[in-house]
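Examining the three-dimensional arrangement
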Amino acid sequence: MKNILIIYPHWVPSNLAGVHRPRLIANFLQNHGWHPILLTVSAEYYEEKPDPDIAKTASPDIEVFYTEAYKAGKPRIIGDIGLRAFPFLYKKAIKLLNEFKIDFIWIPIPSFYGALLGRLLHNKTGTPYGIDYIDPWVRDISNRQDWRSKLSLFVAKWLEPIAVKKASLISGVSTAYYLPVLERNFKNTTIAHVGMPYGFDPKDHEILIDDLKFPWEGMDCEPLVYAGAFLPNSHFFIKLLFQVIQLKVKKGDWDKRKQLFFLGTGFYAGTTIADYAKQYGIEAIVHEVRARYPFLHVLNFLAASYAVMIIGSTEKHYTASKTFQALLSKKPVFGIFHKESSAVLMMQECNASNFLIEYYEQAGEQELKADIATKLEVLLSGDFQWKPELSKLDKHSASASAKALVLKLNELV
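Residues numbered from 1 in each chain as written. Predicted model: local features only at pLDDT ≥ 70, side-chain atom pairs only at ≥ 80, totals over all residues. Heavy atoms only, no water.

As for the overall build of the protein chain
From N to C terminus, the protein chain includes 13 helices and 13 strands. Radius of gyration (C-alpha) of the protein chain: 22 Å, near the 22 Å computed for a compact globule of 413 residues. Across its three principal directions, the C-alpha atoms of the protein chain cover 70 × 45 × 45 Å. Buried positions account for 54% of the 413 residues belonging to the protein chain. (Helix = DSSP H or I, 4+ residues; strand = E, 2+ residues; numbered from the N terminus. Rg over C-alpha atoms; globule rule 2.2 N^0.38 Å. Buried < 20%, exposed > 50% of the residue type's maximum accessible area, 1.4 Å probe, protein only.)

This is how it looks when you write it as structure tokens:
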């Protein structure tokens, strides 16, 4: 069996979203002939609150090694753990490369600084490496002109070519995330590449949390739940949705037992969901909790909801990994996406598009609001059949993603 060294500074019990990329892929690598060895940073150096339950979701097949990092300190000058742990990760990786027969190094990013480890370790040992794009490194900041965003873009444009120059593989959660990398850095040469979504591990949805307190505890309501970060390019959809609900409330055509819960939306800049709710006069039925919830808590919330909401992005390449969580909750899913998003095709494939709103650039606001109003009315009425064919999701599972990665690795090694 071949060995793959995965380097990612966060690991369970961290509750950050990025942890699920190495976890979901590593959970299934053993099934496809590769033994996962994970190098990460000890939890004592994390800044976020740990989630002890999430350890239940990691396969025992994953061999984990820990290293230290510099503390973030006060004042917080350097927060990125990939940067704080960089020298320690490098030193420990060299040790592991000397102790084990490592056939490949795979580095999901962000933290973006971790990508440089691949180049340095390759130069030192000759071990082939690949970089996996959870998010784009060089990104469009046209809607953010603050100095931090500009500095981040400058650094990204400078460091990315150095990191990827000697890579053997570029992968990503979406081909749209990494194709610009190939166009920028491999114009005159070819490099192996593969796109595979986060996917899902069905076992995650079987884990129940004892004595869990639900956000609607003590309320006589049927919750419609959105869980996850509120995206910069989701504002337009939220405004349309709230305008439709505002009109229904004014007409007295809204069952007040139907309450909207937006959970773990994050501490983002600009107008909040709660602000929009107040602006449209529907704050009595809209609840926003910006603090993150533990992953398994979220799955339990979705399973206990009346319906699950996914408010996507106006961007075509938005993949919405939370689509898997929503569908596997076995509750009706109300979604708004760009029509070219992979989430749209996924929901259509498994016969779960009853309440899907497809946005495209030429669509007028009135057309979109009419579609939202029609599908929302049916959803709230309860007079519908919801029988998605979840077996159709198998090709999008974490096991399928791990297999796609392994097929490329077997070509390279």
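There is more to say, and it comes next.
Considering the packing of helix α3 (residues 86-99) against helix α4 (residues 115-125)
Their axes nearest at 11 Å, the elements α3 and α4 cross at an angle of 40°. On the basis of their axis angle, the class for α3 and α4 is oblique. Judged by the sense of rotation from one axis to the other, the crossing of α3 with α4 is right-handed. Here Phe86, Leu89, Tyr90, Ala93, Ile94 and Leu97 of α3 lie close against α4, whose contacting residues are Leu116, Leu117, Leu120, Leu121, Lys124 and Thr125. When its residues are assigned to classes, the contact of α3 with α4 shows 10 nonpolar, one polar and one charged. (Axes fitted to C-alpha atoms, helices over the stretch in contact; angles between N-to-C directions. Parallel < 35°, antiparallel > 145°, perpendicular 65-115°, else oblique. Left-handed = near helix turned anticlockwise from the far one by under 90°. Contact = heavy atoms within 4.5 Å. Nonpolar A, V, L, I, M, F, W, Y, C, P; charged D, E, K, R; others polar.)

Concerning the sheet that holds strand β5 (residues 129-133)
Taken in spatial order, the seven strands of this open sheet run β3-β2-β1-β4-β5-β6-β7, and their pairing is parallel. Here the strands that pair on one side only, and so sit at the sheet edges, are β3 (63-67) and β7 (192-195). Shown here is a sheet whose adjacent strand axes are inclined to one another by a mean of 20°, direction ignored. The pairing of strand β4 (residues 104-109) with β5 spans five bridges and is parallel. Note that in β5 the partner of Ile105 across the bridge is Tyr129. Set on the sheet, helix α1 (residues 20-29) makes contact with β1 (2-7), β2 (34-41), β4, β5 and β6 (169-172); between it and β4 the angle comes to about 150°. (Pairing = 2+ DSSP bridges.)

Considerations on the packing of aromatic side chains
Taken as a whole and assessed by the stated rule, the structure comprises 17 aromatic pairs. With centroids separated by 5.4 Å and ring planes inclined at 40°, the aromatic side chains of Phe200 and Phe324 adopt a geometry described as tilted. Separated by 124 residues along the polypeptide, Phe200 in the loop between β7 and β8 (222-227) and Phe324 in helix α10 (residues 322-328) bring together distant segments of the chain. Among the residues examined, Phe200 registers a relative accessible area of 7% and is labelled buried. On the accessibility criterion, Phe324 (2% relative accessible area) is buried. Ring centres of Phe355 and Phe384 lie 5.0 Å apart, and the angle between their planes is 80°; this geometry places the pair in the edge-to-face category. (Phe/Tyr/Trp six-rings, centres within 6.5 Å; stacked < 30°, edge-to-face > 60°.)

Structural measurements only, silent on function.
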